Structures are given as structure tokens and as C-alpha cells.
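Chains, contacts and geometry: an overview
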Amino acid sequence: MKRKLVTSFGLAVGLLMICVPVFAHHGGSDYDTQNLLTLKGTVTEFLWENPHCQVFLDVKKDDSDKAVNWGIETLAPAVLKRAGWTPKTLHPGDQITITLAPSKKGTPIGMIRRVVLPNGKELTGGSFGSELPPQQ
């Protein structure tokens, strides 16, 4: 009986060790990377935090007064820093133009590709590995 209990417990722990990492992080499969979207809007919030920074942007539809608030995911702060970003890059009220991979579900969310800041400076959303210093 004790052997069955230990074996069952070991199997359960092993299964959890395999399954948890699978659900621990999502990929970019929710975003339409083939049909990028460029939006002009007003920053409502910029969160500089792990595991991903977030840009929230009010975008007016057509000429109406009603704005849609977009949630735009970025890569990690360390990746953005290598691409020239800082925690003070964006401020509420900034008028920006942002290019993103939109959600495949049609919701107002996306993954950043590049941004044009109010001063005209353009920044990318960063990438893994390309901005790393050369190995010695």
C-alpha cells in the first residue's frame, strides 16, 4: 500500500513538472504578424515591468469623439532598454503613432513592432539577440 502511494505521488509530481512550464508562458500565436496595423493615438498609461511592458493607447475611431483603449504588449524591459527605451519614454497624454501585430480575435490588443514618439524619434519593439553585445 505504501509503495502504491509513493508511486502515485511521484507520478503526480512528475506530471506537474512537465505540464506547468507549458502553461507558464504564452507565445505570439494570438497576434496577426502578417497584417500589421498602424494607429495614431494618445498614451493613457505606460507600464515598465516584468515580464512585459504595456502601452495603453486611446485611439479615436473615424471623426467621432469616442475612443477605443488599446492594450499593447511589448517584450521585457531589458529587451526594450537595448532598443533605446527607458521607463520615461512614454507619458500619459503623449501623441504617438504605433505599429503593432493585432489580435487575431479582433479585440483592441496587440504586440508592438515600432513606435514614433512625439519628437519624431522612432523606436522598435526590440528583438531577442540582435542587440546583444558580441560574445568574447
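Residues numbered from 1 in each chain as written. Predicted model: local features only at pLDDT ≥ 70, side-chain atom pairs only at ≥ 80, totals over all residues. Heavy atoms only, no water.

Before going further, it helps to spend a moment on the confidence of the model for the protein. For the protein, the average pLDDT comes to 83, and 74% of its residues sit at 70 or higher. With pLDDT under 50 throughout, residues 19–25 is counted as low confidence; its partners more than four residues away or in other chains account for two contacts. Long-range and interchain partners of residues 130–136, a stretch whose pLDDT sits below 50, account for two contacts in this model, where long-range means more than four residues apart. (pLDDT = per-residue confidence, 0-100. Contact = heavy atoms within 4.5 Å.)

Attention now moves to the packing of aromatic side chains. A full pass over the atoms with the stated rule returns two aromatic pairs. With centroids separated by 6.1 Å and ring planes inclined at 70°, the aromatic side chains of Phe46 and Trp48 adopt a geometry described as edge-to-face. Look at Trp48 and you get partly exposed, because its relative accessible area is 26%. Note on Phe46 and Trp85: the rings are 5.9 Å apart at their centroids and 40° apart in plane angle, and the pair reads as tilted. Of the two residues, Phe46 is situated in strand S1 (residues 37–47) and Trp85 in the loop between helix H2 (77–82) and strand S4 (95–102); the sequence distance between them amounts to 39 residues. Each member of the pair Phe46 and Trp85 is classed as buried. Ring pairs connect the aromatic residues Phe46, Trp48 and Trp85, which therefore count as one cluster. (Phe/Tyr/Trp six-rings, centres within 6.5 Å; stacked < 30°, edge-to-face > 60°. Buried < 20%, exposed > 50% of the residue type's maximum accessible area, 1.4 Å probe, protein only. Helix = DSSP H or I, 4+ residues; strand = E, 2+ residues; numbered from the N terminus.)

As for its placement among the helices and strands, Lys105 is situated in the loop between S4 and strand S5 (109–116). It is 9.2 Å that separates the C-alpha atoms of Lys105 and Asp32, two residues lying 73 residues apart in sequence.

Another point: unusual backbone geometry. Note that the residue after Asn50, namely Pro51, is joined by a cis bond; omega there is 5°. Mapped onto the fold, Pro51 is located in the loop between S1 and strand S2 (54–60).

To continue, consider the side chain of Thr99. In this fold, Thr99 is placed in strand S4. Judged by its relative accessible area of 6%, Thr99 falls in the buried class. A distance of 3.0 Å separates a polar atom in the side chain of Thr99 from a polar atom in the side chain of Thr38. If we ignore the near neighbours within four places in the chain, the residues touching Thr99 are Leu36, Leu37, Thr38, Ile112, Arg113 and Arg114. (Polar contact = N/O pair within 3.5 Å; in protein donor to acceptor, adjacent residues only side chain to side chain.)

Attention now moves to the pairing of strand S3 (residues 67–73). Both S2 and S3 contribute to a ladder of seven bridges, which runs antiparallel. Note that in S3 the partner of Phe56 across the bridge is Gly71. Taking the residues that link successive antiparallel strands as the turn, the S2-S3 hairpin has six residues, and the phi of Asp62 there is positive, at about 55°. With three bridges joining them, S3 and S5 adopt parallel strand pairing. Within the sheet, the bridge partner assigned to Ile72 lies in S5 and is Gly110. (Pairing = 2+ DSSP bridges.)

On to the pattern of salt bridges. Under the criterion given, the structure shown has one salt bridge. The partner of Arg114 in a salt bridge is Glu122, and the shortest N-O contact between them spans 3.9 Å. According to the relative accessible area criterion, Arg114 is partly exposed, its value standing at 36%. (Salt bridge = Lys/Arg side-chain N within 4 Å of Asp/Glu carboxyl O.)

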